[in-house]
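Working through the structure, step by step
Chain residues, written in single-letter form:
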Amino acid sequence: MAAVSDSVRTLGELLERRAAEHGDETFFRYQDTEFSYEEIDSRANAIANRLLSSGVTAGDAVCLYMYNRPEYLYAVFALAKIGAVAAPIDTRFTGETLEYVLSATDADVVILDADTESAYRDVRGDTTTISTEFFAGEGDPDQPYRDFDLLLSGDGSAPPDVDVGGSDTCSVIYVQRYRRTHPQGVTLPHYSYINTGRESCRDLLDLARDDCIFTTLPFYSSYPMQMGVTGALISGATFAFQKQFDGERFWEWTRKYDATVFLYLGRMLSVLYNREEHERDDETPVTHAVGHGFGFGSDETMIANFERRFDVTVLEAYGITPSSTLATSNRPGDRRLGSVGKPVSYAEIKIVDEDDWEVPTGQTGEILIRPTTPNTMLRGFDGDDELTVEVCRNQWIHTNDVGYVDEDGYLYFVASKTNTIHLGRVAGRISSLEIETVIDTHPAVRESAVFGVATGNDDEAIKAVVVPEEGARLSPIDVSEHCEKQLTYHKLPRYVEIRENLPRSPAGKVRKDQLLDTEAADVWDRERGYDLNR
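Rules used in this analysis
Residues take numbers from 1 onward in each chain, read along the sequence in its written order. Local features are withheld for residues below a pLDDT of 70 in this predicted model, meaning they are given only at 70 or higher, and side-chain atom pairs are given and counted only at 80 or more; totals for whole chains, interfaces and linings count all residues. Side-chain numbers here rest on the full set of heavy atoms in the structure, without hydrogens or water. Criterion for a salt bridge: a side-chain nitrogen of Lys or Arg within 4 Å of a carboxyl oxygen of Asp or Glu. Each residue gets one of three labels from its accessible area relative to the maximum for its type: buried under 20%, exposed over 50%, partly exposed in between, using a 1.4 Å probe on protein chains only. Here, strands pair whenever DSSP counts at least two bridges between them. Secondary structure elements are defined from DSSP: runs of H or I of at least 4 residues count as helices, runs of E of at least 2 residues count as strands, and each element is numbered from the N terminus. The contact criterion used throughout is that any non-hydrogen atoms of two residues lie within 4.5 Å. All axes here are fitted lines through C-alpha atoms, helices being fitted over the stretch that makes contact, and every angle between N-to-C directions spans 0 to 180 degrees. For Phe, Tyr and Trp, rings pair up if their centres lie within 6.5 Å, where Trp contributes its six-membered ring, and each pair is then called stacked (planes under 30 degrees apart), edge-to-face (over 60) or tilted (otherwise). Criterion for a charge above a ring: Lys NZ or Arg CZ within 6 Å of the ring centre, and within 35 degrees of the ring normal.

**Focus on the pattern of salt bridges**
- Under the definition given, this model contains 32 salt bridges.
- Between Arg499 and Glu497 there is a salt bridge whose closest N-O contact spans 3.7 Å.
- Linking Arg511 and Asp513 is a salt bridge whose minimum nitrogen-to-oxygen distance equals 2.8 Å.
- For Arg511, a relative accessible area of 30% puts it in the partly exposed group.
- On the accessibility criterion, Asp513 (46% relative accessible area) is partly exposed.
- Several salt bridges converge on common partners, so that one network encompasses Arg494, Asp525, Glu527 and Arg528.

As structure tokens, then:
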């Protein structure tokens, strides 16, 4: 399949080019169904024309509150064709958080499905802007929503006559990264999708028509949309997806779709690795897994073991939504296990201290990113100029993540700042996730939360809040002695509190701000008479 011209700047134009060149060839696969370029383009045209005729115009946001399904992709391309803004909503958002995001988009239209309808119904009467609701898939015939198929009744024979440019906003994606009460909307231009797709799948992976990119990652994230959907379009590879991750069926799906690349995040690799070994483990057609894992020392060993067992090369990469998914990446033939690779062609990175001064090579600090090519990263935070100025101060995007760069230019991710503890200028920042992982290996522990508490100086002390398994007996000293066996001295928790549960936000995140108290009678302090067994 011929390469797409570098002059292409928007998602709508990209799909139309591919449909014109390779109309009835397969573009993506979902479950047991295949969809051609021509089919997707026609359905996107129909939805675009119908929305346009009903008053949705360039710059208007449309909320997408669904799990992965074909209608999601139709809608994204349709909105791109009329210059409207896709506002994908994290399906974990419920209650007050969901209500806030729906209102913050200022959208008039929302598209939902059976998996999100209950959460949407709970806030439906409280939203201030939504007046038109479409339901995708099978549902209750008496439900008060319009059928998604009504959108498909528009004219699918030709795209709407709307001028859309590469610098125009394509999406606003709400993320919870910068210590705000509510999620913040990251606005991404059309060209950021084209650029990330081209860099990742054509230039880095050199994918072709006989490749297939597979993912179970949710479409509300920029990652599967920019690297998976757009990358497949640009490189000519097939795109395949499932509704959500299932460790028991994952490898079966890769064989079903003949996937050569899959996209992963977080603990997916460890879930797959910790499954019982099977004689077909190394029979997958997958050659590469691309994504981002835990971010501390155990990654290197885990990845090496994963590669041996499944005969798959893991390419760790790094990026955040404001950087349009990708900032650094390992490459086939140029990678370093444990690192997240070197900067991509359109990005620069540097590591800085608390005052934004660059730190020496090998020293830990905040990861900063900036683009070297226009319209490849965020335009700003929707409706929040103050946050835009704060995050992009000194002409660098401040990621709120911590890492370091080695002497050869490879970046090593440590953790998000919200998941790190600052032990002072000498010790720097350490990963709270690493300490949580150690604590969680105790057989009597159900879950834990580790974080820093202010000491009054320019550093933090480590506090661990631990929830025991039901019926288990667990004391703070048990936790401390367990940590002593596996962690260096400076990573040992000073404070330990045993609780029945952890407070959580509507999105399911632990509310560490409600756990900071160290003066309560049931908070154990290691420095009050406890001797280490060292």
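**Points about the sheet that holds strand β14 (residues 313–318)**
- Read across the open sheet, the nine strands follow the order β2-β1-β11-β10-β12-β13-β14-β15-β16; overall the sheet is mixed. With one partner strand each, in any of the chains shown, β2 (33–36) and β16 (342–343) form the two edges of the open sheet.
- The sheet contacts of helix α2 (residues 37–53) involve β1 (26–30) and β2, and relative to β2 the element is tilted by about 75 degrees.
- Lying on the sheet, helix α8 (residues 250–257) is in contact with β1, β10 (212–215), β11 (238–241) and β12 (261–265); it crosses β10 at an angle near 155 degrees.

**Details of the packing of aromatic side chains**
- One pass over the structure, following the stated rule, counts 26 aromatic pairs.
- An angle of 65 degrees between the planes, with centres 6.4 Å apart, marks the rings of Phe35 and Tyr74 as edge-to-face. Here Tyr74 lies in helix α3 (residues 70–82) and Phe35 lies in strand β2, a separation of 39 residues in the sequence. Taken as a pair, Phe35 and Tyr74 share a single burial class, namely buried.
- Considering the side-chain rings of Trp251 and Phe262, the 5.8 Å spacing of their centres and the 80 degrees angle between planes classify their relative orientation as edge-to-face. In this pair, Trp251 is assigned in helix α8 and Phe262 in strand β12, connecting sequence segments eleven residues apart.
- Joined through ring pairs, the aromatic side chains of Phe27, Phe28, Tyr30, Phe35, Tyr37, Tyr72, Tyr74, Phe77, Phe219, Phe239 and Phe241 make up one cluster.
- For Lys243, the ring lying beneath its charged end belongs to Tyr67, and the centroid distance is 5.6 Å.
- Note that Arg309 overlies the ring of Tyr273, its terminal NZ or CZ placed 5.4 Å from the centroid.

Shape descriptors only; they carry no functional weight alone.
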